[in-house]
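Structural overview
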Amino acid sequence: MSEKGTVIGFIGGSGIYDLDGLSHQRWEKVASPFGEPSDELLFGELDGQPLVFLPRHGRGHRISPSEINYRANIDALKRAGVTDLVSMSAVGSLREDLRPGTFVIADQFIDRTFARQKSFFGQGLVAHISMAHPVCGRLGDHLQAAAAEAGIEAVRGGTYLVMEGPQFSTLAESRLYRSWGCDVIGMTNMPEAKLAREAEICYATVAMVTDYDCWHPDHDHVTVDAIVKVLVANADRARGLAGHVVPQLRADAQAPACSCRRALEHALITAPAHRDPEVLGYLDAVAGRVLGAR
Ligand SMILES: CSC[C@H]1O[C@H](OP(=O)(O)O)[C@H](O)[C@@H]1O
Ligand SMILES: Nc1ncnc2[nH]cnc12
């Protein structure tokens, strides 16, 4: 891995616990001061391009959305050198026309989670980053082009409502989210997207519809069994999409200039003399660029 080169990361959600076709692949533990990542990271190469994969729920799907250590996951991916991060996630549809099997390249989130650590920053070093545009448009462009190349129907843009879970939503909640104009619902992309931005990693998500949530008159219950049936087919197509997006990201000469990679530039507010050295130590990977550590 070159210090400044592109390293592509994938976070696999429900149904995606590894990536195939990688050469030189190895699972390796990456330690983080923020605790235990969901699993070891899978390192490998696709046509010479370095890749890193992390199964969000761990291999075997052991970790529920509220129990995922999102900070450790993003910190570990940053330590592994990841610059461009693609999330692959199962979601419910809040719109009739987003049928199960549709891929949505989401571009907005509404964060309704409440039981998660949402920032690397706080006491010892306070920072405020912009989340107006929470996903990287450059990655979105490449995902859209890769989906077209792979013959996958992908809708560009959409608002992903992130609920705490692990229970699925009530009918009243599902209707409320529809009235807010949300398009899909899931449990994991926040705080993941916030933390990726804090870590200056470009982030985008492929939200793969598995069900109609409970608002739909013909689908008044969501069940894991029904979701898993769609997941298996979605997961195969997601792997296909990954294969197509890698060469595109690799060839992107604009990547180093992407604004996501400078998200912390004007974000730190704690005066240097009041910054806690221990906290600065934890932030060596996430904020090393602006703290002068790397
Ligand atoms: C198995 S359905 C519910 C589960 O799937 C989604 O996870 P991910 O985004 O990791 O694919 C959803 O957010 C829930 O965690
Ligand atoms: N209906 C739904 N609600 C929340 N998360 C989901 N993941 C897949 N389907 C979902």
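Everything quoted here is computed from the prediction, not taken from an experiment. (Residues numbered from 1 in each chain as written. Chains lettered and ligands numbered in written order. Predicted model: local features only at pLDDT ≥ 70, side-chain atom pairs only at ≥ 80, totals over all residues. Heavy atoms only, no water.)

1. Some remarks on the site of ligand 2
Note the cut-off: One heavy atom suffices: a residue is near a molecule or strand as soon as one of its heavy atoms comes within 4 Å of it. N or O atoms closer than or at 3.5 Å make up a polar contact, with two conditions inside protein: a donor-capable atom paired with an acceptor-capable one, and, for residues adjacent in sequence, both atoms drawn from side chains. In this description, accessible areas are obtained by the Shrake-Rupley approach with a 1.4 Å probe, and a residue is regarded as covered only by the protein chains that are shown. Counting from the N terminus, the helices are the DSSP runs of H or I reaching at least four residues and the strands are the DSSP runs of E reaching at least two.
Taken together, Ala90, Val91, Gly92, Met163, Phe168, Ile185, Gly186, Met187, Thr210, Asp211, Asp213 and Ile227 form the complete shell of residues around ligand 2. The contact in question runs from a nitrogen atom of ligand 2 to an N or O atom on the side chain of Asp211, over 2.6 Å. For ligand 2, the protein covers 95% of the area, taking 260 Å² as the surface of the free molecule. Residue assignment for the shell around ligand 2 shows that the elements contributing at least two residues are strand S5 (84-93), strand S10 (184-186) and strand S11 (202-211). For the shell around ligand 2, the element with the highest residue contribution is S5, accounting for three residues.

2. Let's talk about the side chain of Ser32
Heads up, the condition is: By definition, residues are in contact when any of their heavy atoms lie within 4.5 Å.
With respect to the helices and strands, the residue Ser32 is situated in the loop between strand S2 (23-28) and strand S3 (41-46). Those residues in contact with Ser32 that lie beyond four places of it in its chain are Ala72, Asp75 and Arg79.

3. Some thoughts on the environment of Leu41
Along the polypeptide, Leu41 turns up in strand S3. For the pair Leu41 and Gln25, spaced 16 residues apart in sequence, the C-alpha separation works out to 10 Å.

4. Remarks on the UniProt feature "domain: Nucleoside phosphorylase" (unreviewed entry) in the protein chain
Let me state the cut-off plainly: UniProt positions are given in the numbering used here, feature names are shortened, and annotations may be inferred rather than shown by experiment.
UniProt records the feature "domain: Nucleoside phosphorylase" (unreviewed entry) for residues 8-242 in the present numbering. Helix makes up 26% of residues 8-242 and strand 26%. Its end C-alpha atoms lie 10 Å apart.

5. Considering a nonpolar patch on the surface
For clarity, the threshold we go by: Like charges within 9 Å and nonpolar side chains (Val, Leu, Ile, Met, Phe, Trp, Tyr) within 5 Å are joined into patches, using only residues over 30% in relative accessible area that form no salt bridge. Throughout this description, the term salt bridge denotes a Lys or Arg side-chain nitrogen within 4 Å of a carboxyl oxygen of Asp or Glu.
On the surface, Phe168, Val224, Val228 and Val232 cluster together into a nonpolar patch covering about 330 Å² of accessible area. Tracing the backbone through its elements, the reader meets Val224 in helix H5 (residues 224-250).

6. With respect to the UniProt feature "site: Important for substrate specificity" (unreviewed entry) in the protein chain
The sites that UniProt annotates as "site: Important for substrate specificity" (unreviewed entry) are Ser169 and Val224. Annotated residues spanning 56 residues; largest pairwise C-alpha distance 13.3 Å, indicating a single compact cluster. Counting through the fold element by element, Ser169 comes out in the loop between strand S9 (159-162) and helix H3 (171-179). Residues in contact with Ser169, not counting those within four places in the same chain, are Met163, Ser174, Tyr177, Ile185, Asp213 and Cys214. Among the polar contacts made by the side chain of Ser169, one reaches the side chain of Asp213 at a distance of 2.9 Å.

7. A short note on the environment of Gly157
Relative to the elements of secondary structure, Gly157 occurs in the loop between strand S8 (154-156) and S9. Separated by 70 residues in sequence, Gly157 and Ile227 place their C-alpha atoms 23 Å apart. In contact with Gly157, other than residues within four places in its own chain, are Val104, Ile105, Ala106 and Asp107.

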